[in-house]
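Summary of the model geometry
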Amino acid sequence: METLSWRPRIVAETVTPDIRVPPDIRERMTDRRRDTAGPSRSPSSDASTLVGRDAEMAVVRDVLATACAGFRSTVLVEGEAGIGKSRLVEEALSEMERGGSLVVRGWAREPERDRPFGAIGDALGLRPDSRDPERAALARLLHGDPDAPTAGSLSSQAPELRFRLVEGIVDLVERLAGAAPVALLLEDLHWADDATLLVVEQLARRLKGLPVVVLATLRPAPRGRALDRLVGILLATGATRLEVGGLDPPSATDLVAGLVGAVPGPGLRAQIERAGGNPLYLGELVEALVEEGGMAVTGETADVRAATLPTSLGETVVRRLRFLDDEALDVLSAASVLGTAFSLDDLAVMLDTPATRLLSALREPLRARLVAESGERLAFRHDLVRDALYADLPLTGRRALHLQAARLLAGAGRRPVDVARHFVLGAAQGDAEAIDWLSRAARDAAARSPEVAAQLLQAAVRLAGPDHPRRDVLEAELAAALVWSGSTLDGEARLRAILDRAHAPEIDVPVRLALAQALFHDGRGQAAVEEVERTMELPALEPLQRGRLLAEAALGRLWSGALDQARVHAGNALTAGHLAEDDAAVCSALAVQSWLRQAEGDTSGAIAIAERAVEVAESSRTREASRRPPQLLLGLLLIEGDQLDEAGKAFDAARRIGEDLGTVWDLPAFHWALGLSHFVAGDYDDALAEVEAGLDVSEEVGTRLQMVWAQAIEAHIRIQRDDLHAATAALEAGERELARAGPQAKTDWLLWARALLAEAQGDTEGAHAILRMVWDAYTALGVVSERRALGPDLVRLSLLRGARSEAEAVAGAVQEAAEMIATPGARGAALRCRGLASGDAGLLLDAVRAYRESPRRMELGHACEDAGVALARAGRRDQA
Ligand SMILES: Nc1ncnc2c1ncn2[C@@H]1O[C@H](COP(=O)(O)OP(=O)(O)OP(=O)(O)O)[C@@H](O)[C@H]1O
Ligand SMILES: [Mg+2]
């Protein structure tokens, strides 16, 4: 323990005997403590009265009433630690409970972030011994069959199982809501595991028209990607966001008055003001004053002695720990370096002290509930305690401890990232060992979590300084990690800066390849191709580099609409990828080939190729092939193939892989893919929500692949809703993006929307001219797949101009496409075109029937309209 002797001691002050402490304050304090105690929390049964919060209570009550009236709703209660989120929600929920509703509560906890379905499982009481068979069955799924060899909560990570669990939980909530309104409270959502987040998303998306309310409390930080995304979706689907701020000064004074049982005097009021209205802080403050004997109550008034005033929350908290002996304080301080939750083993390694000795040092903190057991680890009662102890360490001591932790954890064989994290916080400039560990950890993390890799490399570059021999390599790796981790523009700028200056020759090709990848992610396919083609001319490319470059060229060509070149590059990339045994190149090449196959009209062939790409990625030894998850593409093709449910599963898988790997570049594309799926299914609100969420994320991560397509989808919806103003705005945004990024696949959708907008504005001729132009251009490119989408409108517009033979020719082409595509939706499109062209109501009714077999509600709607018109025209008004 001698190593820890840097800790400055706080000399205990003597308690002045003339100070009277109301006897029940301690009791009240103890109650309060029980409420905020972390790991074993239960619904707040705070004896003190709720002060202030009238406006907030009104909002929550309102939402709960909406839910009780049968309308599913969601509330996000956000605010800093201790601000009173739980208390507020609990007040409102107990009212609801008294009204006969079912209230269930689950707590998420930091050390359990990887406990799948943790918080939600607790809330719903999913235990194998549950008396409710449905819950027991779900619990068995969750925890695995105890007799099966692979039992254990890990099994719930398997995609299929995870899907069934989500479905099962949603069904369970649905069933519960059949009996009484249900409130599901998830506390501290910022710590929740991903599966719990997924369930919240599904509950918010579904269960419309049921008396269910989901309430979540969360702090502004930490905020991971999955949570960010969820919050975006919840808000887009109508969730209420309630930001809980500090109590206003009169309420804060009331709260303290309630705690001390007397009116705060001027000195105490000055202290109260410093608490920023944070009730937890106010409570800690009062408690600290009482414990130190710093509070005097004379008559009706309570006040403080100026000399004892703490100046900050941290100081308040630390002062409260004075009762601990030195050894306990030293151990806690060292533990604060490890985080809010820490393992005794790590602490023992770090302090080079036997665990038994640590346990005895921790006995008092455990008894005082400053720390508590939390699963396999120990956790500080509150982050505030950890933060305060950490902040109280002198900087040199903090660094020394981190460095010590890094070396010892490295020696104990801990994961490189765990080791590197401490080097980041502990090492000094030029520390070769630290730089080495950081780049080793970064390389380790690159395929799993580029964000972490980028952070580690950033630290390595900082430590290396300008003259380090590996500076260029570190910078190149950093820039590449940024490209994959959602700081695309920053990454691109750094890559360009490296290329512009004299640099180590061995990084030239990797830097250029990373630049091409960045450009592709940003939707600038053509610019990516130019970069790649320049690089391909460099001498002495390694086989792996060759394959990667060709794959990049194929993707760039495909996405900028140059299908023939894409085909050639993809073939070469496939060969090169196989030769170099590089699954990433093989996967990209297959992706391009599947998309081309789809364009040719062979949807099932395309799906089969995409499935092969998925297999390659899944069975790959490295995870690099999954950094562009082929499941995303597979999902898009499944939509083409009218298999929306299957597509949803593919997107779900893609999302999970992305979360797992920390890839962010594809998040916007992911939202837009979901948007497409909703659009096809005729769920316009959800589609718009996804388009919007994608635009938000895109802004954040700096990638725009598929943005033009997304904006086209929005324009289509706006036109159908007759909101021509918004449609124009979406179209113009799409056209601006097109001008910025260069040629794009799926531009036909944007032009198609342009045509429909012209029609809606009364310009049939203009509309026809645009659509005809698109049709001809895609025909010239040999694209068959788009005929199904564009055909019906072109037939309609031709007829409006009296060009029946043109209409018939187009209908014939769609028919031909439908035979190749061979889905009910395509058949519906062909029948609809032929029905329109010939005015045959029977064919249009057949189209309706065909569409009914597909999930294409939007097109079904159009077909029904057309059939109605034709029937009415034929005098069959009843049927119409
Ligand atoms: N309006 C209030 N009136 C009286 N006491 C309050 C009020 N708000 C909060 N408190 C008390 O302050 C303490 C902290 O509040 P609470 O636990 O609700 O904070 P929180 O925002 O949920 O914090 P965390 O993020 O740590 O969960 C509790 O003891 C609670 O009873
Ligand atoms: Mg809380």
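Keep in mind that this is a model prediction, so the values were computed, not measured. (Residues numbered from 1 in each chain as written. Chains lettered and ligands numbered in written order. Predicted model: local features only at pLDDT ≥ 70, side-chain atom pairs only at ≥ 80, totals over all residues. Heavy atoms only, no water.)

1. Let's talk about the packing of helix α17 (residues 395-411) against helix α18 (residues 416-426)
The interhelical angle for the contact between α17 and α18, taken along N-to-C directions, is 155°, at an axis separation of 7 Å. With respect to each other, α17 and α18 are oriented roughly antiparallel. Both α17 and α18 take part in a crossing whose hand is left-handed. Here Arg399, His402, Leu403, Ala405, Ala406, Arg407, Leu409 and Ala410 of α17 lie close against α18, whose contacting residues are Asp418, Val419, His422, Phe423, Leu425 and Gly426. (Axes fitted to C-alpha atoms, helices over the stretch in contact; angles between N-to-C directions. Helix = DSSP H or I, 4+ residues; strand = E, 2+ residues; numbered from the N terminus. Parallel < 35°, antiparallel > 145°, perpendicular 65-115°, else oblique. Left-handed = near helix turned anticlockwise from the far one by under 90°. Contact = heavy atoms within 4.5 Å.)

2. Regarding the pattern of salt bridges
In the structure shown here, the tally under the stated rule is 64 salt bridges. With a closest N to O distance of 3.2 Å, Glu97 and Arg105 form a salt bridge. When its relative accessible area of 34% is taken as the criterion, Glu97 is described as partly exposed. The partner of Asp564 in a salt bridge is Arg567, and the shortest N-O contact between them spans 3.2 Å. (Salt bridge = Lys/Arg side-chain N within 4 Å of Asp/Glu carboxyl O. Buried < 20%, exposed > 50% of the residue type's maximum accessible area, 1.4 Å probe, protein only.)

3. With respect to the environment of Val349
Examined against the element boundaries, Val349 turns out to sit in helix α14 (residues 344-351). For Val349 and Leu408, which are 59 residues apart along the polypeptide, the C-alpha to C-alpha distance reads 6.1 Å.

4. A closer look at the sheet that holds strand β9 (residues 341-342)
Backbone-to-backbone hydrogen bonds join strands into a sheet, with any given pair of strands oriented parallel or antiparallel. Read across the sheet, three strands follow the order β9-β11-β10 without closing on themselves; strand pairing throughout is antiparallel. With partners counted over all chains shown, the strands left at the sheet margins are β9 and β10 (371-374), one partner each. Where β9 and strand β11 (residues 377-380) come together, two bridges link them in antiparallel fashion. When the sheet's bridge partners are listed, Phe342 is paired in β11 with Leu378. (Pairing = 2+ DSSP bridges.)

5. What about the side chain of Ser343?
Note on placement: Ser343 falls in the loop between β9 and α14. Within the structure, Ser343 has its side chain in polar contact with the backbone nitrogen of Asp346 (distance 3.0 Å). (Polar contact = N/O pair within 3.5 Å; in protein donor to acceptor, adjacent residues only side chain to side chain.)

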